[in-house]
Number of protein chains: 2
Amino acid sequence: MEEIVDYVQNNISTFQDELKEFLKIPSISMLPEYKDDINRCAAYVANILKNAGMSRVEIFKTEGHPLVYGEWLGAPGKPIVLIYGHYDVQPVDPIELWETPPFEPVIKNGKIYARGTTDDKGQIFMHFKSVESFFKVDGSLPLNVKFIIEGEEETGSQNLESFINKNSEILKCDAVIISDTALFDKGVPTLTYGLRGLSYMEVEVSGPKADLHSGTYGGAVGNPINILAGMIAKLHDKNGRINIPHFYDDVLKITSKEKENFRRLKFSERKFAAEAGVRLLEGEKGYTTLQRIWARPSLDCNGICGGFTGKGAKTVITTKASAKISMRLVPNQDPNKISNLFKKYIKRIAPKSVKVEVRNLHGAFPVLTPLDNLATIAAAKAMEKAFNKKIVYMREGGSVPIVTVFSKKLNVPVVLMGLGLNSENLHSPNEHFDLNHFRLGILSSAYFMKEFSL
Amino acid sequence: MEEIVDYVQNNISTFQDELKEFLKIPSISMLPEYKDDINRCAAYVANILKNAGMSRVEIFKTEGHPLVYGEWLGAPGKPIVLIYGHYDVQPVDPIELWETPPFEPVIKNGKIYARGTTDDKGQIFMHFKSVESFFKVDGSLPLNVKFIIEGEEETGSQNLESFINKNSEILKCDAVIISDTALFDKGVPTLTYGLRGLSYMEVEVSGPKADLHSGTYGGAVGNPINILAGMIAKLHDKNGRINIPHFYDDVLKITSKEKENFRRLKFSERKFAAEAGVRLLEGEKGYTTLQRIWARPSLDCNGICGGFTGKGAKTVITTKASAKISMRLVPNQDPNKISNLFKKYIKRIAPKSVKVEVRNLHGAFPVLTPLDNLATIAAAKAMEKAFNKKIVYMREGGSVPIVTVFSKKLNVPVVLMGLGLNSENLHSPNEHFDLNHFRLGILSSAYFMKEFSL
């Protein structure tokens, strides 16, 4: 392994330059006007995989954006690891808050800034480079590798499940490894064993057929904005608990052993608040911040609009108001069941004076994986070697919807070896990725291939 | 008067054509990009007044949009009537809901469609044409007339009060007449003796410094949208009463005599709901619809925005959410006092985890005028003659902020002789004005000048 490590260390600045080229492609999956860039990005990934040494590379068309598959199966008898990641990125709004343009990567103070750096282009690039390093140094890999890099993660991986269903044979493997989560803290080797799920809804309240003058009608007709606000307010009780009947029915209680583990982690509330840019943390009564974000469900309005929002004072009662409302779920909540409970509750509390529509935009199952499988053990050893520090096990508040699909369909352990940081502005302006973690990620990936091959 | 009436009847289609030209000017006072059109419109009004026969016409610059003054004082010993109106119009959003373009007037089924038809270009045009008819037929007016036509009514008449203060000498008069309100019903001669006031506020809630990933932070930080919705929900109680402490302190109770008057009016709840385009009316418990819109205060969100409002599902906790919230006031509520109560209450219920700013965008005093003055008596007779029907006295839910200023500063009766209909989509798409009312309005104006001169 020494030669591999040396090769990575010696070529790290070339790897960074190559990553920059990858980041320049604005592969925003959510916005139809970037369709060409998405296709260009898929082709670009296919090319990287070929150059890295994969023996078979294929771009699969889906009903949405294409999916890139790569494999090298030249180590018969050795395990097969499937590496999953995504080449698509989030939209860049609000664009005016970016200090440098989102698709013109810049390195500042050991960090690379661009949309997609930490989520997820920078992280999948680590595996591309670890594979390449093995081929360059040894001419082969210590085990068999498959890559599946999709272009729809940021829009809910709508076509990945059907792809997996159709192609379970070529996806056969002994473990899945995903680098799309965060380290517990800077420089701390971390494996994530829990993820929250998601239920993302949209509520639209329709009232008058045309905008009304608020003088003529104010006080006598239901106002869609006030009504929507009232319904949103009813989604939480005064203790910060979610108010939807039966919402907590399937929530797994946090064990005292896990509470103890959370407590032992060096978590600073002050640092977390500073990273979030808020003056004060708040949440469900009776739980710590780590419990709230890792092991308790939450509900947030992600967007709201209605009526006159320009400058000045227009006195209208508007026709429609709508909100995007998403819930983070924890084991053993089922996103389909939760979406239905949400819908039912909203319909129940909706006044008769308006029409209320509820749409389910997407969902993901929560995840809690056991730690005693060979892949996780190998990953822990690998990261400890790369970082030269003891591994930390954590949960994570976000969702990687596809984890459940992999673990259920392929029936193998899914290892979450994320090298990002939650402070790296994923999904918001000035997204960045620590270049030291980028290097340690390449090494962790390489050590893992070695460890898991033994 | 017979000749005047004949002249109006014979020239009505010319008057309509002239009105169309006036309506073509997009004099939207709220949007800075229409500044040139506003100036063009002021010049256009000045020209109409000159052509109508005014002996002195002047465009006064203000800190905002110009104000057009016209006078004819050729009837010494006779009363002076001051006619107020506005040449500015509301914005046209949502433009896609207009069946014909807002600044290309079209006549359909006896109605003229365009922005500003009923509010207020069509209505001030009635007085222009009544004056012109007198000059054409008699070569003079039966009394002295002053016009004051402003360009900032739709943005709160910010500069009119200081103009009145500076020019109280030239504004001296015996009565003010304003046609910017509605008839009680189609073909019913109506004088309005009460108006609601207004307090228009803006609330902005600021949380995280940058958009946050709702997975990573959801459940542990205050969400500006949820918090704003919660505060809006707290503005009403479950009986539809406004929840702000001391809000009702100065509200004048509706007398049993007035209740009886309201009851006697031929008001159809079903028709009102149909005009509003709602399936069901709702409002403060214990009051009828007419009481709610005429004599009880109300609170409406006029607009709200925050977070991701595009297509799809972006999982952010946003930095800011804001709402425009306005209250309609009734005698004897004071908009300044109410704005302060609102501000105080919002600040009190705002959670400490966010920053909340409250701005007062504008205000207007409510109005309740006595009916026993000479001008009102003349106006009632005039309308009865024009319509050949008994006059109806009503209140109105909207505000004409300048009425209080006129009555307080000039200390004369203000007569609200509106010829619009509340169903004519003022402030919303497809605004229109009944052309029969347009004709009856010209006649009412002419009869008034005659009656008030006696």
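Keep in mind the model is a prediction, meaning the values are calculated, not measured. (Residues numbered from 1 in each chain as written. Chains lettered and ligands numbered in written order. Predicted model: local features only at pLDDT ≥ 70, side-chain atom pairs only at ≥ 80, totals over all residues.)

Examining the nonpolar core
Where we set the bar: Working definition: the nonpolar core is a set of buried Ala, Val, Leu, Ile, Met, Phe, Trp, Tyr and Cys residues, joined through C-beta atoms within 7 Å. Backbone-placed C-beta atoms define the burial measure: a residue is buried with 20 or more other C-beta atoms within 10 Å of its own, exposed with 12 or fewer, and partly exposed in between. Each residue is represented by a C-beta atom placed from its backbone, and any two residues with such atoms within 7 Å are regarded as in contact.
Counting 280 residues, the largest nonpolar core has Val176(A) and Val176(B) as its most contacted members. If sequence neighbours within four positions are ignored, Val176(A) has contacts with Leu82(A), Tyr84(A), Phe406(A), Leu410(A), Val412(A), Val414(A) and Val415(A).

Quick look at the interface of chain A and chain B
Interface size is often expressed as the accessible area that is lost when the parts come together. Convention followed: In this description a helix means any DSSP run of H or I spanning at least four residues, a strand means any run of E spanning at least two, and both kinds are numbered starting from the N terminus. In this count, Pro and Cys sit with the nonpolar residues alongside Ala, Val, Leu, Ile, Met, Phe, Trp and Tyr, while Asp, Glu, Lys and Arg are called charged and the others, Gly among them, polar. Paired strands, in this sense, are two strands between which DSSP finds at least two bridges.
Facing the 79 residues of chain A at the interface are 79 residues of chain B. Of all elements in the fold, only strand 10 (212-213), helix 5 (214-217), helix 6 (224-233), helix 9 (289-294), strand 11 (298-307), strand 12 (316-317), strand 13 (320-329) and strand 14 (355-364) of chain A reach the threshold of two or more residues within the side of chain A that touches chain B. It is strand 11 of chain A that provides the largest number of residues to the side of chain A that touches chain B, a total of nine residues. Broken down by class, the residue content of the side of chain A that touches chain B amounts to 31 nonpolar, 35 polar and 13 charged. Summarising the sheet, strand 11 of chain A and strand 11 (residues 298-307) of chain B pair through five bridges and their orientation is antiparallel. Its bridge partner being in strand 11 of chain B, Cys305(A) is matched across the sheet by Cys305(B).

Quick look at helix 10 (residues 335-349) of chain A
Where we set the bar: Expected span of a helix: the number of residues minus one, times 1.5 Å.
Look at helix 10 of chain A: 21 Å from first C-alpha to last across 15 residues, which is about the 21 Å you get at 1.5 Å a residue. On its buried side, helix 10 of chain A packs onto strand 9 (197-206), helix 6, strand 13 and strand 14 of chain A.

Some thoughts on the domain arrangement of chain A
All names here are of chain A. To be explicit about the condition: By convention here, the domain bounds are inherited from an automatic or database domain assignment.
Annotation of chain A at the domain level lists domain 1 (2-195 + 366-453), domain 2 (198-251 + 299-363) and domain 3 (254-296). Relative placement of domain 1 and domain 3: their C-alpha centres are 27 Å apart. Each partner contributes to the interface: domain 1 provides ten residues, whereas domain 3 provides six residues. The element best represented in the side of domain 1 that touches domain 3 is strand 16 (residues 392-396), accounting for four residues. Across the side of domain 1 that touches domain 3, the residue classes break down as three nonpolar, four polar and three charged.

What to know about the environment of Leu198(A)
Here Leu198(A) lies in strand 9. As for Leu198(A) and Ala364(A), which are separated by 166 residues in sequence, their C-alpha atoms are 4.7 Å apart.

Here we look at the relation of the copies chain A and chain B
Put simply, the test is: Alignment of copies: least-squares fit on C-alpha atoms of residues with pLDDT of at least 70 in both copies.
Take chain A, turn it by 180 degrees, move it 0.0 Å along the axis, and it overlays chain B with an RMSD of 0.1 Å. Such a combination of turn and shift is consistent with a two-fold rotation axis. When the interface residues of chain A are mapped onto chain B, 100% of them again fall at the interface, so both copies present the same face.

What about unusual backbone geometry?
The omega torsion across Pro331(A) and Asn332(A) is 0 degrees, close enough to zero to call that bond cis. As for its position among the elements, Asn332(A) is in the loop between strand 13 and helix 10. The phi dihedral of Ser157(B) is positive, around 50 degrees, even though this residue is not glycine. Here Asn388(B), not a glycine, exhibits a phi torsion of approximately 55 degrees, which is positive. With respect to the helices and strands, Asn388(B) occurs in the loop between helix 11 (374-387) and strand 16 (392-396).

Looking at the packing of helix 2 (residues 35-52) of chain B against helix 3 (residues 117-138) of chain B
Between two packed helices, the angle of one axis relative to the other and the distance separating the axes together describe the packing. Residues and elements named next belong to chain B. Here is the rule: Comment: axis = line fitted to C-alpha atoms, over the contacting stretch for helices; angle = value between 0 and 180 degrees taken between N-to-C directions. Reported orientations rely on four angle classes, namely roughly parallel under 35 degrees, roughly antiparallel over 145, roughly perpendicular from 65 to 115, and oblique for the rest.
Viewed as axis vectors pointing N to C, helix 2 and helix 3 meet at an angle of 25 degrees, and their least axial separation amounts to 8 Å. On the basis of their axis angle, the class for helix 2 and helix 3 is roughly parallel. Together, Ile48, Leu49 and Ala52 of helix 2 and Phe128, Val131, Glu132 and Phe135 of helix 3 make up the contact between the two elements. Broken down by class, the residue content of the contact of helix 2 with helix 3 amounts to six nonpolar, no polar and one charged.

Here's the deal with the pairing of strand 13 of chain A
All names here are of chain A. For strand 13, a buried count of ten out of ten residues is recorded, marking the element as mostly surrounded by other parts of the structure. Residues Lys320, Ser322, Lys324, Ser326 and Arg328 of strand 13 are buried on one face, and the alternating residues Ala321, Ala323, Ile325, Met327 and Leu329, pointing to the opposite face, are buried as well. In terms of strand pairing, strand 9 meets strand 13 through ten bridges, oriented antiparallel. Each residue of the ladder has a partner; that of serine 206, found in strand 13, is lysine 320. In the sheet, strand 11 pairs with strand 13 via eight bridges, with the strands oriented antiparallel. Paired with cysteine 301 across the two strands is isoleucine 325, which belongs to strand 13.

Regarding the sheet that holds strand 5 (residues 111-113) of chain B
Residues and elements named next belong to chain B. Read across the sheet, three strands follow the order 4-5-18 without closing on themselves; strand pairing throughout is antiparallel. For this open sheet the edge positions go to strand 4 (106-108) and strand 18 (432-434), each flanked by a neighbour on one side alone. On average, each strand axis in the sheet is inclined to that of its neighbour by 25 degrees, with strand direction left out of account. Docked against the sheet, helix 3 engages strand 5 and strand 18, running at close to 50 degrees with respect to strand 18. Contacting strand 4, strand 5 and strand 18, helix 13 (residues 435-453) runs over the sheet at an angle of about 60 degrees to strand 18.

Digging into the packing of helix 1 (residues 2-23) of chain B against helix 3 of chain B
Residue and element names in this part refer to chain B. Defined as follows: Helix crossings fall into two classes, left-handed where the near helix is turned counterclockwise from the far one by less than a right angle and right-handed where it is turned clockwise.
Relative to each other, helix 1 and helix 3 sit at 135 degrees, their axes nearing to 9 Å. Between helix 1 and helix 3, the crossing angle belongs to the class labelled oblique. Handedness of the crossing formed by helix 1 with helix 3: right-handed. Counting all contacts with helix 1, which are made through Glu3, Ile4, Tyr7, Val8, Phe15, Leu19, Phe22 and Leu23, the residues of helix 3 involved are Thr117, Lys121, Gly122, Phe125, Lys129, Ser133, Phe134, Lys136 and Val137. Its residues placed into classes, the contact of helix 1 with helix 3 shows ten nonpolar, three polar and four charged.

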